[in-house]
Structure formats: C-alpha cells, structure tokens
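Letter by letter, the chains look like this.
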Amino acid sequence: MLSTCHCRTQKTLSISEGKEHRKKVLLSKSLLPFKRCKFFSLTETPEDYTIIVDEEGFLELPSSEHLSVADATWLALNVVSGGGGFSSSQPIGVTKIAKSVIAPLADQNISVFMLSTYQTDFILVRERDLPFVMHTLAAEFTILRVVNGETVAADDFGVTNGFVKPKLVQRPVIHPLSSPSNMFCVTSLDPDTLPTVATLLMDVMFYSNGVKDSVVGNEDSGHIRFFSFSLIEGYISLVMDVQTQQRFPNNLLFTSASGELWKMVRIGGQPLGFDECGIVAQISEPLAAADIPAYYISTFKFDHALVSMNSVSLE
C-alpha cells in the first residue's frame, strides 16, 4: 500500500477570553461560516479558544481586538494508505505516525502544530516549510496537495527548487507537564444528527463557565475546561470530559469499540509559541515506543496529549 501525505491550506487563530459578552458574540459569528468550510476546528481551553479554519472560512471571520492570528499560513497534512481518504471507523492516535512523520520533522528543525481527531491525525506545517517537509518525508511518502478540490503532486509547484537541508537539532525535554483530574472521551457524531444537538453544542461551547460549578466542580478540584469540536471534510470529531459527555443523548455519540477513557497531559508552563521544534516528538516518541495509544491537540498557547487509560496509569 502506498502511503501519502495530503496537504490543505489553513489558518490558525486564537480568541482570547476578553469581555464575556463580547467573546460570546465573536464566537457565535465565527461559527457562521463553518458549514461552508471544509476544514474547521474549535478548541476551548482555560486560556482561550483556538480556531483552525481554511482560507474560505477565514475570509468570513469578523475582525476583533480579541482575535489573534498566527503569522503564517499552515498546510494540514494527513497520512493515508493507498491514497484514499481518512476512515471514520476507528480512532488511530498520534503514536501511529510518531516515528514516520513527527520525529523526522523534528530532527530537521521543522515546527509542527498537531490536531488529532476521531478519524485521523493532522500535522500542520508552515506553507513556507513545504520544501523541507517534502525532502524529509519523500523516502517514505508521496506528498499530494489539494488545490481547488483536486489532488495533485506537490512537486508540480516547484517547491523543491533551491532546497537547502536544515541543520539537525537536538531535542531536549524542556517543558513541564501537568495532568488535570478530568477523564476525557474522544467521540464522533453523525453530521445528519447535528441539528438535534445544535442548542446543546452551542451551550457547551459558549456557556461552559455556568456549567462548570454545577457539573464539573470548582478550580480546586483539578478539573479544567477543555472541549474540542472539528468538522473536516464532512466528518465530526469531539473531545470532551465525561461530565460533558453525559449531557448528550444516549446512543448519539460514536466511540471506539472498547469505549476507553483518556487522561490528559498538558505540555508547557508558559505559552509555547509556534517556532519551537520537537515538542510533539518529545511526547509521542516514548508513547509510540511503549505502544501506548494517544491523541495530540495543539492550541494557540499550549499542547495537550490524551493517553488511553486502558494502556497506562498516570498516577
């Protein structure tokens, strides 16, 4: 089977907490174009909301003083076998691509931004780094690019011209780790059922502060607010804690056959930024070596790994 990396152009942005009513208005407006986007992801953390959106959706976002946009355009790569699309049958986890994609890119000083979903894993790289990505992965992958809905070979764009191999870098572990007490679920939802939970979904996304005290508990409990919603190429993925999952109707959300729960590891004591390399590799490589399933979600300020509780205890 031929493995390929497909890449699509995206924008990464953050909405700060700001004034509560302004935040809710901006977020509501930011969701208006998502049905027209082929790539949309929103993740809530205690610090902010991180949105990853394709260029069409980005052009429709309202301007705001609370909106921060990454200073680069990113390409979202996902690895598929046989050149087909990603599957919605079972989650696979970032450990499957740790050695073949993530570690080689880190070794070549290429910064990545990760988004794991229920269906697949997306490795976002800066568009300007595509020549380095192609050179690094060419031995194992065929890299294809989606342009105007059509898939073409990335080298048709001449992006390898003038390539200069970057210097290999050391990857020391330098960021502190923390683990909130929440237990998380990685789930999916049939897009046809989205209207039936639209009100609940909006409530979970935008009014979680009010739910926190009654359902999750106070900050001293060790719980954090974390909710991720992605709608990519017609596939929906959600990451939420078990308390939030209990608010959804029974038998509506898809989970893996084993129905495992996930423990979160947060990476970084201070905002990580976008230039540092090897952060994802530092987490995913040891997990891959131990054959421990994991998901990985980068946000505007911090990174988050989800580790299956069926495989490891973090106590």
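Note that the structure is a prediction, hence the values are computed from the model and not measured.

The rules behind each value
The residue numbers shown here count from 1 along each chain, following its written sequence. Reporting in this predicted model follows two pLDDT cut-offs: at least 70 for local features of residues, and 80 or more for side-chain atom pairs to be given and counted; totals over whole chains, interfaces and linings ignore these cut-offs and use all residues. Side-chain figures throughout are based on the complete set of non-hydrogen atoms in the structure, without hydrogens or water. To qualify as a helix, a DSSP run of H or I must reach at least 4 residues; to qualify as a strand, a run of E must reach at least 2; elements of each kind are numbered from the N terminus. Summary of the burial criterion: residues with accessible area below 20% of their type's maximum are buried, those above 50% are exposed, and those between are partly exposed, where the area comes from a 1.4 Å probe applied to protein chains only. The method behind every accessible area is Shrake-Rupley, applied with a 1.4 Å probe, and residues are considered shielded solely by the protein chains displayed. The criterion used for residue contact is that any of the two residues' heavy atoms lie within 4.5 Å. An axis is simply a line fitted to the C-alpha atoms; with a helix, the fit covers only the stretch in contact. Between two such axes, the angle follows the N-to-C directions and lies from 0 to 180 degrees. Under this scheme an angle from 65 to 115 degrees is roughly perpendicular, one under 35 degrees roughly parallel, and one over 145 degrees roughly antiparallel; angles in between are oblique. Crossings are assigned a handedness: left-handed for a near helix turned anticlockwise from the far helix by less than a right angle, right-handed for a clockwise turn. Note on residue classes: Ala, Val, Leu, Ile, Met, Phe, Trp, Tyr, Cys and Pro are nonpolar, Asp, Glu, Lys and Arg are charged, and everything else, Gly too, is polar. For every residue, the predictor states its confidence as a pLDDT score lying anywhere from 0 to 100. Taken from the helix axis, the directions to the C-beta atoms give the arc we talk about. Whether two strands pair depends on DSSP finding at least two bridges between them. Residues enter a nonpolar core if they are buried and are Ala, Val, Leu, Ile, Met, Phe, Trp, Tyr or Cys, with the set joined through side-chain atoms within 4.5 Å.

## Overview of the overall build of the chain
Turning to step 1, where the next piece is worked out: Within the chain one finds eight helices and 17 strands.
Turning to step 2, where the next piece is worked out: Counting across all 315 residues of the chain, residues that qualify as buried make up 54%.
Turning to step 3, where the next piece is worked out: Accessible surface for the chain amounts to roughly 14,100 Å². Of this, 50% is attributable to carbon and sulfur atoms.

## Points about the environment of Gly-268
Turning to step 1, where the next piece is worked out: Mapping Gly-268 onto the fold places it in the loop between strand 15 (262–267) and helix 8 (279–289).
Turning to step 2, where the next piece is worked out: With a relative accessible area of 16%, Gly-268 lands in the buried category.
Turning to step 3, where the next piece is worked out: With 93 residues separating them along the chain, Gly-268 and His-175 place their C-alpha atoms 5.0 Å apart.
Turning to step 4, where the next piece is worked out: When sequence neighbours within four positions are dropped, the list of residues in contact with Gly-268 reads His-175, Pro-176 and Phe-302.

## Here we look at the packing of helix 3 (residues 98–107) against helix 8
Turning to step 1, where the next piece is worked out: Relative to each other, helix 3 and helix 8 sit at 150°, their axes nearing to 10 Å. Relative to helix 8, the element helix 3 is oriented roughly antiparallel. At the point where helix 3 passes helix 8, the crossing takes the left-handed sense. Facing helix 3, whose interface residues are Ala-98, Ile-102, Ala-103 and Ala-106, helix 8 presents Val-280, Ala-281, Ser-284, Glu-285 and Ala-288.
Turning to step 2, where the next piece is worked out: Residues of the contact of helix 3 with helix 8, tallied by class, amount to seven nonpolar, one polar and one charged.

## Some words on the confidence of the model for the chain
Turning to step 1, where the next piece is worked out: On average, residues of the chain score 76 in pLDDT, and 71% of them reach the 70 mark or higher.
Turning to step 2, where the next piece is worked out: Ignoring residues within four places in sequence, the model shows residues 17–23, a span with pLDDT below 50, making 15 contacts including any to other chains.
Turning to step 3, where the next piece is worked out: This model gives residues 156–162 a pLDDT under 50, and the stretch forms nine contacts once residues within four places in sequence are excluded.

## Structural notes on the environment of Thr-120
Turning to step 1, where the next piece is worked out: Of note, Thr-120 is situated in the loop between strand 6 (112–116) and strand 7 (121–126).
Turning to step 2, where the next piece is worked out: Each C-alpha atom, one on Thr-120 and one on Tyr-295, is 9.5 Å from the other, the two residues being 175 residues apart in sequence.

## Here we look at helix 4 (residues 130–137)
Turning to step 1, where the next piece is worked out: When helix 4 is considered as a whole, its buried residues turn out to be Leu-130, Pro-131, Val-133, Met-134 and Leu-137. Along helix 4, the residues classed as buried sweep out an arc of 160° about the axis, all on the same side.

## Quick notes on the pairing of strand 17 (residues 303–308)
Turning to step 1, where the next piece is worked out: Burial runs high along strand 17: six of the six residues are buried.
Turning to step 2, where the next piece is worked out: Pairing analysis gives six bridges linking strand 15 to strand 17, with the strands arranged antiparallel. The partner of Val-265 across the bridge, within strand 17, is Ala-305.
Turning to step 3, where the next piece is worked out: With five bridges connecting them, strand 16 (residues 294–298) and strand 17 associate as antiparallel partners. Within strand 17, the residue paired with Ala-294 across the bridge is Val-307.

## Re the nonpolar core
Turning to step 1, where the next piece is worked out: In terms of nonpolar packing, the biggest core is built from 32 residues, with Leu-105, Ile-123, Val-125, Val-133 and Tyr-296 touching the most fellow members.
Turning to step 2, where the next piece is worked out: A per-element tally of this core places helix 8 first, with five residues.
Turning to step 3, where the next piece is worked out: Leaving out residues up to four positions away in the same chain, Leu-105 has contacts with Ile-110, Val-112, Ile-123, Val-125, Val-133, Thr-136 and Leu-137.

## Overview of the environment of Thr-117
Turning to step 1, where the next piece is worked out: Along the chain, Thr-117 turns up in the loop between strand 6 and strand 7.
Turning to step 2, where the next piece is worked out: For Thr-117, a relative accessible area of 3% gives the class buried.
Turning to step 3, where the next piece is worked out: Taking the C-alpha atoms as reference points, Thr-117 and Val-186, 69 residues apart in sequence, are found 7.9 Å from one another.
Turning to step 4, where the next piece is worked out: Contact partners of Thr-117, with chain neighbours within four places excluded, come to Phe-122, Ser-230, Ile-232, Ser-237 and Tyr-295.

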